[in-house]
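Breakdown of the fold
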Protein chains: 4
Amino acid sequence: MVSAAIIGATGYTGIELFGLVSRHPEVNVAYASSEQYKGQRITEVFPHLNPAHDISLCGSGEIDAKTIDVVFFCTPDGVAMKQAGYFLDHGIRVIDVSPDFRFDSAEVYTNWYKNDHTSPELLAGTVYGIPELNRQKIREAVLIGNPGCYPTSVILGLAPLLEARAVDPKHIIVDAKSGVSGAGRGVKLRNLFVEVNDSITPYNIGHSHRHVGEIEQELTKLAGIQPFVIFSPHLTPMNRGILSTIYVRLNEDLSTDDLHEIYKRKYVDEPFIRLQSCFPETRFVAGTNFCDMKVQRVEGTDQAIVTCAIDNLVKGAAGQAVQNMNVMLGYSETTGLL
Amino acid sequence: MVSAAIIGATGYTGIELFGLVSRHPEVNVAYASSEQYKGQRITEVFPHLNPAHDISLCGSGEIDAKTIDVVFFCTPDGVAMKQAGYFLDHGIRVIDVSPDFRFDSAEVYTNWYKNDHTSPELLAGTVYGIPELNRQKIREAVLIGNPGCYPTSVILGLAPLLEARAVDPKHIIVDAKSGVSGAGRGVKLRNLFVEVNDSITPYNIGHSHRHVGEIEQELTKLAGIQPFVIFSPHLTPMNRGILSTIYVRLNEDLSTDDLHEIYKRKYVDEPFIRLQSCFPETRFVAGTNFCDMKVQRVEGTDQAIVTCAIDNLVKGAAGQAVQNMNVMLGYSETTGLL
Amino acid sequence: MVSAAIIGATGYTGIELFGLVSRHPEVNVAYASSEQYKGQRITEVFPHLNPAHDISLCGSGEIDAKTIDVVFFCTPDGVAMKQAGYFLDHGIRVIDVSPDFRFDSAEVYTNWYKNDHTSPELLAGTVYGIPELNRQKIREAVLIGNPGCYPTSVILGLAPLLEARAVDPKHIIVDAKSGVSGAGRGVKLRNLFVEVNDSITPYNIGHSHRHVGEIEQELTKLAGIQPFVIFSPHLTPMNRGILSTIYVRLNEDLSTDDLHEIYKRKYVDEPFIRLQSCFPETRFVAGTNFCDMKVQRVEGTDQAIVTCAIDNLVKGAAGQAVQNMNVMLGYSETTGLL
Amino acid sequence: MVSAAIIGATGYTGIELFGLVSRHPEVNVAYASSEQYKGQRITEVFPHLNPAHDISLCGSGEIDAKTIDVVFFCTPDGVAMKQAGYFLDHGIRVIDVSPDFRFDSAEVYTNWYKNDHTSPELLAGTVYGIPELNRQKIREAVLIGNPGCYPTSVILGLAPLLEARAVDPKHIIVDAKSGVSGAGRGVKLRNLFVEVNDSITPYNIGHSHRHVGEIEQELTKLAGIQPFVIFSPHLTPMNRGILSTIYVRLNEDLSTDDLHEIYKRKYVDEPFIRLQSCFPETRFVAGTNFCDMKVQRVEGTDQAIVTCAIDNLVKGAAGQAVQNMNVMLGYSETTGLL
């Protein structure tokens, strides 16, 4: 039995992670921190939780590093980079669900996030936590940068095609639709019910959303060259879920069957990837760690389309964090996730 | 042609009123104020508006009283009570869509709103603005307290039965369901999409919601005695609309047909009240000034049930304000509202 | 390891039950039947399912009674009454999630459902499956009538007060709000997205909904006399959940604390009942077998209000069916449900 | 004053059109037909309607051609093609809101709709009813093929760029999101609330949706050559609205400002087209005949993105039909639409 601390347990990702880890048979939640609600019982703030998992929320300063084995950061940008070193020094494994440790280079981080990185020396030792692509490295890692929600759907959706050199990395278009929990539990006009309900809203369309940097960094590793991704997110009136509709140009004449075969070869043994014959819908993955996808050729063109659905809070955040923990700690990868 | 000012034009009620008054054939919007957005064009903040109605938002201090005939307050509690006197002194008619002038007594106001009333001397001269009940007084009024949204649905729903002395005013139960715009455009966790969507939420159930005071004050006038209203509001995942399901005890043996007849007598000539044979649904009144209702006896009991639906932003706020203005200024009551 | 058959596995209740039983550690789903989809893989029809649980849908006639231990009916009215006897004759336990075996008397069934009951001789041996109230009988039962969704919320919400003789059973008002899955997966205009979204709809208000008969039958057993329940259901734009707001008249002067104490005494050891200090919201119980409730006195009156929330598909149907199975078969009552 | 008949008045488009024409100051609705509801008052079926506009629904065979001036078809495919000739023979103007008269060639119609066209001789005389592009022809037309909802948003969104020869017509990608009313009021499992709510659903992605034929036909006229359009529709949990996100390849080096200038030149005098500086959202056009759009260059690429929002039932169907009628009959184009 392993002890975990969750720092930032009362955002949408934090509370999702708290639920998953609480139900995990091999892990005990020793600490759940929240600067906003510290001192309250977590079931007071989130009455949906199983009362058997109740715990008092603490401040992150109250965590006794000697008593824990793994720490998760579900904090806003800029927090994990300041605190991770302390835990690493105590020999504790760190899984950062915030953006702080997703980048190989502090400069690229600063370009997209407009902050200086305060622990650039740690970046070389971090592993980008997509188990389907980096499983071996995750096994040996002590510091994981857990991927963003949009990047998870895009990178998993494109990996087979890029690795197979089947498409042109310079001309990728991602039209993505996200549920509102993706915007976080921060209190902003944009996320009020009346502003979102019964409507669909494009935002940061083109090449400006902060996830573009992360996507292009990881696709570079898969493609061997620097890609260019047009990325168009849309806020959709649903709580959870991301659907990425991805348009690519084929390098060679591959049929839908050929393309499907490429995906099957890559993902056949992956427990969380389902190649669907129908189109993925976000409701099919809601509350699960599954990533559903479908690939098709557009007849008469050099274009293919990949549709890829995940739950932004699970495979796009908390579920993938648990999957990473399972890999790091040597548990079966699906423990606590099915 | 009459000139109007709207103070607080950028809340949900304010912008609804702006749209209605802009389309009104007899009225010109001379000023729309917003402390938050002053200096911006109103179509920048609300791109749904007809560009032909565009105007620059001003601060309320910039309104030149000499150039207007009527002023609407769509402000939070406590603003109109401070500013109304100034406009009244200039001979301008005031329609207060906030709660400040809905009460006959400053004490009752303070009991429910926990503020002192700064203009108690004006209360005696105000008229509670439900045209269906107070039309004659509205015609002669210079200061209207425009009713709250829940109270509008409850008072209209009960007026025929109370005036006919058909039910016991001491035992009224109102189970009300409101769309989220009723909570205003203020930025609160409770109103975030993810907190409201796909769920239903009771709040302030019993005898504690601030609208209870207003409801009981007006029902007293109809019933001749002080009533007691149990009032249970529920936040419902929809933008607009209030449905009040009202349970009453009959004083005499009246059938559904008898009850319907009482409503018909009362409301037959009312342009905005529709007695429905099917159950009212909020979608049927959305965007309109209609109030739909249905009354029925529960066979084998002394109970009757009234269901009553309005759009909280129209008949429950901005539409009724325009209706009041029409009555005050001598226009046909439905002008700009059908 | 026990083998189960689910008859009618592709309605909303059926598929919820399939998911729960598939994940149950002690039970194997041997058959899942669907007249509409027979021959298809269940993951083709419901791609959200874990592929590890895939099975071919069969016709109900293909079930080999010799190979199963328990059968669930998730069928429309009138099916289970014809088929249950066959399974009982083979010594198989039957849990009927349809309305066919909820009534003690065939006449009462016929009054409310307008069908003749074809197996009235089985009614005497059935047990009404609310474990919190009938646990001992369920242990020994071979045929369970699994309660309706609305009745579950109302009966659990009122049991402590009626058993304590604290309220008048003749004057109960239930204002209930249900998610749309309660209307089933049948294809009707009333359940189209556009007809339901962004609106709230009363229906069958008064004393006419078919669940009234079931509610009054069970409340009679708790109260010792025949009650009268005014029941007002409202279709609410959400997928799942029932919130019942219940208005009762107190027989004696009990404070909110006194009332809370009565509930605590009754339910303190119940694993699925949570007495909440905040108001129950359907999102807090969504996807779980929990029943959340809160009771309060209305000061200055003889009235109390109970708010009670369940997931209509889980505690109101499939989850309670599994809970019943656990009790019947001697498993821990929460197995597969937390 | 002109008399109109609406054939098929009780689908989502039909009832929207009925509302618009009823409020039109120059037109009287003489007939509203519905094979399903004939004999009923239209306010019984649609209680939201203004009672002043009530009318008895008739069968389409009961329409007396001698008493009307214009007829609208809001019928399923294949009806208008059989009945239009009769009305044309009586000198009545026909506006077909169904797909029957949108195609220049019966072969193309049959390719996409899999039906034979029974009145191919009428196709030569029809005009495709987008007033912004075909105003002069509409003025002289007697038979209008009113555009589909998706095509309206795509054609208006691309017209300036194609006419200016600024983009490559062979490489157009349209990622479109539609509200559920676009699927019609027919009773299908796919459109049930529970199947759609809180999820997003791709369908017919690639080059297979029936609107592709219509889009490519009209874009050919604008571009001068046959285009190729990849078209990916997504069912979105909202009642109304279409957002098309359109990806194009520029033929020359044009900045966002240059592109905006092209749109301004084309649309500056159009009363229903609003070039927005913020991104279009479907809620901004809901219930209106406006088409909101924004164009932008993706820096560092040869790509531009157009976002374009309409209400599928208004500018995408009934509102555009009224706009066409206004043009045909010589009224101001915005009459009854603002």
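Quick look at the structure, then.

Another point: the sheet that holds strand β9 (residues 229-235) of chain D. Residue and element names in this part refer to chain D. As summarised here, the arrangement of the 7 strands in space is β8-β9-β7-β10-β13-β12-β11, forming an open sheet in which the pairing is mixed. The outermost strands of the open sheet, each flanked by one partner alone, are β8 (201-202) and β11 (273-275). Here 3 bridges tie β11 to strand β12 (residues 291-297), and the two strands are oriented parallel to one another. By the bridge assignment, Ile-273 is partnered in β12 with Cys-291.

Listed per partner, the contact involves 41 residues of chain D and 41 residues of chain A. For chain D, the biggest contributors to the area lost against chain A are D:Ile200, D:Ile205 and D:Arg283; these three give 17% of the whole. Applying the counting criterion to the chain D and chain A interface returns 6 salt bridges. Close ionic contact of A:Glu195 with D:Arg283 constitutes a salt bridge, the shortest N to O distance being 3.0 Å. The interface formed by chain D and chain A includes 26 residue pairs in polar contact (both at pLDDT 80 or more). Going through the elements one at a time, β7 (172-178), α7 (193-196), β8, β9, β10 (242-249), α10 (282-285) and β13 (303-310) of chain D are the ones with two or more residues in the side of chain D that touches chain A.

The subject of this paragraph is the relation of the copies chain D and chain A. Rotating chain D by 180° and translating it 0.0 Å along the rotation axis places it on chain A, where the RMSD comes to 0.0 Å. When the rotation and shift are considered jointly, the pair of chain copies conforms to a two-fold rotation axis. In terms of C-alpha distance to the rotation axis, chain D has D:Pro237 as its closest residue, with the C-alpha 3.2 Å off the axis. When the interface residues of chain D are mapped onto chain A, 100% of them are again interface residues, pointing to one common binding face.

Let's shift gears to the pattern of salt bridges. Applying the stated criterion to the full structure yields 84 salt bridges over all chains. Across the pair A:Arg240 and A:Asp311 runs a salt bridge, and its minimum N-O distance is 2.8 Å. Placement of the pair is A:Arg240 in the loop between β9 (229-235) and β10 (242-249) and A:Asp311 in the loop between β13 (303-310) and α12 (314-329), with a sequence separation of 71 residues. On the basis of relative accessibility, which here comes to 23%, the residue A:Arg240 falls in the partly exposed class. In this structure, B:Glu218 and B:Lys221 form a salt bridge, with 2.7 Å as the shortest nitrogen-oxygen distance. You can see B:Glu218 and its partner B:Lys221 sitting in helix α8 (residues 211-223), 3 residues apart, about one turn around the helix. A single network of salt bridges, built from pairs that share partners, joins A:Arg185, B:Arg190, B:Glu195, C:Glu281 and C:Arg283.

Below, the discussion takes up the interface of chain C and chain D. Contacts between the two partners involve 19 residues from chain C, matched on the other side by 19 residues from chain D. In this structure, the connection of chain C to chain D is made through 2 salt bridges. Here D:Arg185 ties to C:Glu195 by a salt bridge, and the two come within 3.3 Å at their closest N and O atoms. Taken together, chain C and chain D are joined by 8 residue pairs in polar contact (both at pLDDT 80 or more). Element by element, the count of residues in the side of chain C that touches chain D is highest for helix α8 (residues 193-196) of chain C, at 4 residues. Per-class residue counts for the side of chain C that touches chain D are 11 nonpolar, 5 polar and 3 charged.

Rules of the game
- Just so you know, the residues in each chain are numbered from 1, in the order the chain's sequence is written.
- As a convention, the first chain written is A and the first ligand written is 1, with the rest following in written order.
- Given that the model is predicted, a residue must reach a pLDDT of at least 70 before its local features are reported, and side-chain atom pairs must reach 80 or more before they are shown or counted; all residues, however, enter totals for whole chains, interfaces and linings.
- Hydrogen atoms and water are omitted, and side-chain values are computed over all heavy atoms in the structure.
- A pair of strands counts as paired when DSSP detects no fewer than two bridges linking them.
- Segments assigned H or I by DSSP are reported as helices when at least four residues long, segments assigned E as strands when at least two residues long, and all are numbered from the N terminus.
- The criterion used for residue contact is that any of the two residues' heavy atoms lie within 4.5 Å.
- A quick way to say it: buried area is the sum, across both parts, of accessible area lost when two parts are put together, with a 1.4 Å probe.
- Salt bridges, as used here, are contacts in which a Lys or Arg side-chain nitrogen is within 4 Å of a carboxyl oxygen on Asp or Glu.
- Whenever a nitrogen or oxygen atom comes within 3.5 Å of another N or O atom, the pair is scored as a polar contact, on the condition that within protein one atom can donate a hydrogen and the other can accept it, and that pairs from neighbouring residues in sequence are kept only if both atoms are in side chains.
- In this comparison the copies share one frame, found by least squares on the C-alpha atoms of residues holding pLDDT of at least 70 in both.
- Only protein chains enter the accessibility calculation, which uses a 1.4 Å probe. A residue is then buried if its area is under 20% of the maximum for its type, exposed if over 50%, and partly exposed in between.
- Three residue categories are used. Nonpolar comprises Ala, Val, Leu, Ile, Met, Phe, Trp, Tyr, Cys and Pro, charged comprises Asp, Glu, Lys and Arg, and polar comprises the others, including Gly.

No statement about biological role is implied by the geometric values presented.
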